[in-house]
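Chain by chain, the residues:
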Amino acid sequence: VQLQASGGGLVQAGGSLRLSCEASGRTFSSYAVGWFRQAPGKEREFVAAISKSGGSTYYGDSVLGRFTISRDNGKNTVSLQMGSLKPEDAAVYYCAAADLPWLVIVIKRERHYEFWGQGTQVTVSS
């Protein structure tokens, strides 16, 4: 499956942004999807994940309550709605997909994801 992330940009602190991850290729509903981010000089960080059906979600501690992940399997799209953005949210955001069991220890580890999008830059001004 090929993934295309989009929606990044410049936003003021406290603002909102919606990222999208569009998939093409194989059956999208066969894959759990995760969002990760990487700021300059830092390791890639887990942001959020959603199960194959969309019935389960999981968030990293730093975004819990501010970000919402959702998916539309009919449109082969996963979205990440980001709110109350902080300067520390600035990073390149990546979406990733894999046929994973819904286990927290699995879905929050980047090494378990097979397919990756190219990343989209999010900049938050203070």
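Residues numbered from 1 in each chain as written. Predicted model: local features only at pLDDT ≥ 70, side-chain atom pairs only at ≥ 80, totals over all residues. Heavy atoms only, no water.

A. Focus on the nonpolar core. Of all hydrophobic cores here, the largest spans 31 residues; its most connected members are W35, L80, M82 and Y93. Secondary structure elements with two or more residues in this core: strand 1 (2-6), strand 3 (17-24), strand 4 (32-38), strand 5 (45-50), strand 7 (67-72), strand 8 (77-82), strand 9 (91-98) and strand 11 (120-125). Filtering out sequence-adjacent residues up to four positions away, Y93 remains in contact with A5, L19, W35, F36, R37, V47, F67, L80, M82, G119, T120 and V122. Of all hydrophobic cores here, the second largest spans ten residues; its members include F36, A49, A98 and L100. (Core = buried A, V, L, I, M, F, W, Y, C linked by side-chain atoms within 4.5 Å. Buried < 20%, exposed > 50% of the residue type's maximum accessible area, 1.4 Å probe, protein only. Helix = DSSP H or I, 4+ residues; strand = E, 2+ residues; numbered from the N terminus. Contact = heavy atoms within 4.5 Å.)

B. Seen up close, the sheet that holds strand 1. Spatial ordering of the open sheet is given by 1-3-8-7, a layout of four strands whose pairing is antiparallel. Each edge of the open sheet is held by one strand with a lone partner, namely strand 1 and strand 7. Averaged over all pairs of adjacent strands, the angle between strand axes in this sheet comes to 15°, irrespective of strand direction. Here six bridges tie strand 7 to strand 8, and the two strands are oriented antiparallel to one another. Within the sheet, the bridge partner assigned to D72 lies in strand 8 and is T77. (Pairing = 2+ DSSP bridges. Axes fitted to C-alpha atoms, helices over the stretch in contact; angles between N-to-C directions.)

C. Local environment of the environment of G54. Its location among the elements puts G54 in the loop between strand 5 and strand 6 (57-59). Once the C-alpha coordinates of G54 and V33 are considered, the two residues, 21 residues apart in sequence, prove to be 9.3 Å apart.

D. Fine view of unusual backbone geometry. Phi at N76 takes a positive value of approximately 55°, unusual for a residue other than glycine. Here S84, not a glycine, exhibits a phi torsion of approximately 50°, which is positive. Within the fold, S84 resides in the loop between strand 8 and strand 9. When its relative accessible area of 45% is taken as the criterion, S84 is described as partly exposed.

E. The arrangement of the pattern of salt bridges in detail. Counted by the stated rule, this structure contains five salt bridges. One salt bridge in this structure joins E45 and R37, with 2.8 Å as the shortest N-O distance. Classification of R37 as buried rests on a relative accessible area of 5%. Where D99 meets K52, a salt bridge forms, and the shortest distance between an N and an O atom there is 2.5 Å. Highlighted residues: D99 in the loop between strand 9 and helix 1 (104-107) and K52 in the loop between strand 5 and strand 6, separated in sequence by 47 residues. When its relative accessible area of 29% is taken as the criterion, K52 is described as partly exposed. Among the ionic contacts, a cluster of salt bridges with common partners joins R37, E45, R66 and D89. (Salt bridge = Lys/Arg side-chain N within 4 Å of Asp/Glu carboxyl O.)

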